[in-house]
Amino acid sequence: MSKFTNWGDFFRFSTDVLDEGYVYDKNYLVKLKTKSQDGSTDYAVKFDQSKPGENGQSKNAVELKYKFSNGALTQEGKVKSGGKLTVDTEIDLGAQNENLKGWTYHIDGSLAPGQTFDHNAFTSGVSYTQDNIETKTTWDHGRSGTVEHEFAFKPQPNCPFVAGGEATLDYKNTNLNKYAFGFLGRLSDNLSWGLKHEGEGKKYGDFTFHTLQNVNADTTVATQVGYSHTEKSLSATAGFAHSLGDGSSWKAKISSAGLFGVSWAHKFNNGTTLTLSSAVDLGDKAILHNNPHPLGISFEGKF
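Residues numbered from 1 in each chain as written. Predicted model: local features only at pLDDT ≥ 70, side-chain atom pairs only at ≥ 80, totals over all residues. Heavy atoms only, no water.

Novice: What's the story with unusual backbone geometry in this structure? I'm lost.
Specialist: Negative phi characterises most residues that are not glycine, and trans characterises most peptide bonds. Positioned with a positive phi, Lys232 is a non-glycine residue whose angle comes to about 55 degrees. Among the structural elements, Lys232 can be located in the loop between strand E14 (219–228) and strand E15 (233–243). (Helix = DSSP H or I, 4+ residues; strand = E, 2+ residues; numbered from the N terminus.)

This is the structure in structure tokens:
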């Protein structure tokens, strides 16, 4: 039986293994977190430096972040270097009225230096969630003039699959800008699969097939195979994650494009995590022989 999840997290079961925990695209990343005494607010600051670009220069970035939640209201705010401010707010309408149980109102806004906060800078919408269904509609009040609909649905409690999808519509001319749909399923207790199709307008787009195999309690193997209808090309990525049982874990992946990555992480007793990652692009001889990816370091501390 497949586990019900919202559309935004549909394929995390495999992408967590293949994408999360790799920091080889940065020279370093440092994140420090703390929590207020009443536990309602999380604060974080992040510093990172990217790998050198084509001009040979690295970019430094700083981000300040907070997240507040009291059960009825959840708000997350970020300020990035350069001055861009983003605030996302969710209001649980069911906490205000029992008849609205499952309904949430959300409003997201951003403000960049030199920009006024007007209707071009925010989105709003509503979502509805129950045990076997999740829907979300978001209106972009900016110049794009789009409405995005998401859904996830599990027909029966014992149904072997979950269906979901999204569509973005231009409500000014009723055109379909982009769409996606997919399915999740289980072949056994230890083997999960997922299929996704996404495209733009009325054109056929990309297909992606995901699998996740729990080899044992400590080792997980994931694969991702894609086909691009527009480019008429195939792609594939495979990787695994292994827990060493002492707070340490390591993972590795390789793609058909020639990228080979490896990552090691250790979580200390106080919740602090240290991650070391590296990668080489086997499909680019210039990178492989002349400018290999240096080590990427991530430090995430809690205090």
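There is more to say after this.
Novice: What is the right way to read the packing of aromatic side chains from this model?
Specialist: The description of two aromatic rings rests on the distance between their centres and on the angle between their planes. Tallying each qualifying case throughout the model produces 7 aromatic pairs. Ring centres of Trp7 and Phe10 lie 5.0 Å apart, and the angle between their planes is 50 degrees; on these two criteria the pair is classed as tilted. Using a relative accessible area of 6% as the deciding quantity, one classes Trp7 as buried. Overall, Phe10 belongs to the buried group, its relative accessible area being 1%. Their ring planes at 70 degrees and their centres at 6.2 Å tell us that Phe161 and Phe183 sit as a pair that is edge-to-face. With a gap of 22 residues between them, Phe161 in strand E10 (residues 161–170) and Phe183 in strand E11 (residues 175–188) connect regions that are remote in the sequence. By the ring-pair criterion, three or more aromatic residues cluster together here, those being Trp7, Phe10 and Phe11. (Phe/Tyr/Trp six-rings, centres within 6.5 Å; stacked < 30°, edge-to-face > 60°. Buried < 20%, exposed > 50% of the residue type's maximum accessible area, 1.4 Å probe, protein only.)

Novice: What's the story with the environment of Ser192 in this structure? I'm lost.
Specialist: Looking at the secondary structure, you find Ser192 in strand E12 (residues 191–200). In this structure the C-alpha to C-alpha distance between Ser192 and Gly56, which are 136 residues apart in sequence, comes to 42 Å. Other than its neighbours up to four places away in sequence, Ser192 contacts Phe13, Gly185, Arg186, His210, Thr211 and Leu212. (Contact = heavy atoms within 4.5 Å.)

Novice: Help me out: how do you make sense of the pairing of strand E7 (residues 122–129) in this one?
Specialist: For a regular strand, side chains alternate in direction, first toward one face of the sheet and then toward the other. In the sheet, strand E6 (residues 103–111) pairs with E7 via 7 bridges, with the strands oriented antiparallel. Bridge assignment links Asp108 to a residue of E7, and that residue is Thr123. Note: E7 against strand E8 (residues 133–140), 7 bridges, orientation antiparallel. By the bridge assignment, Val126 is partnered in E8 with Thr137. Hairpin connection, E7 to E8: the antiparallel pair is bridged by 3 residues. (Pairing = 2+ DSSP bridges.)

Novice: What am I meant to see in the side chain of Thr220 here?
Specialist: Position of Thr220 relative to the elements: it lies in strand E14. Using a relative accessible area of 17% as the deciding quantity, one classes Thr220 as buried. Reaching out from Thr220, the side chain makes a polar contact with the side chain of Asn214 at a distance of 3.5 Å. When sequence neighbours within four positions are dropped, the list of residues in contact with Thr220 reads Val17, Leu212, Gln213, Asn214, Gly239, Phe240 and Ala241. (Polar contact = N/O pair within 3.5 Å; in protein donor to acceptor, adjacent residues only side chain to side chain.)

Don't take any of this as a statement about function, it's just geometry.
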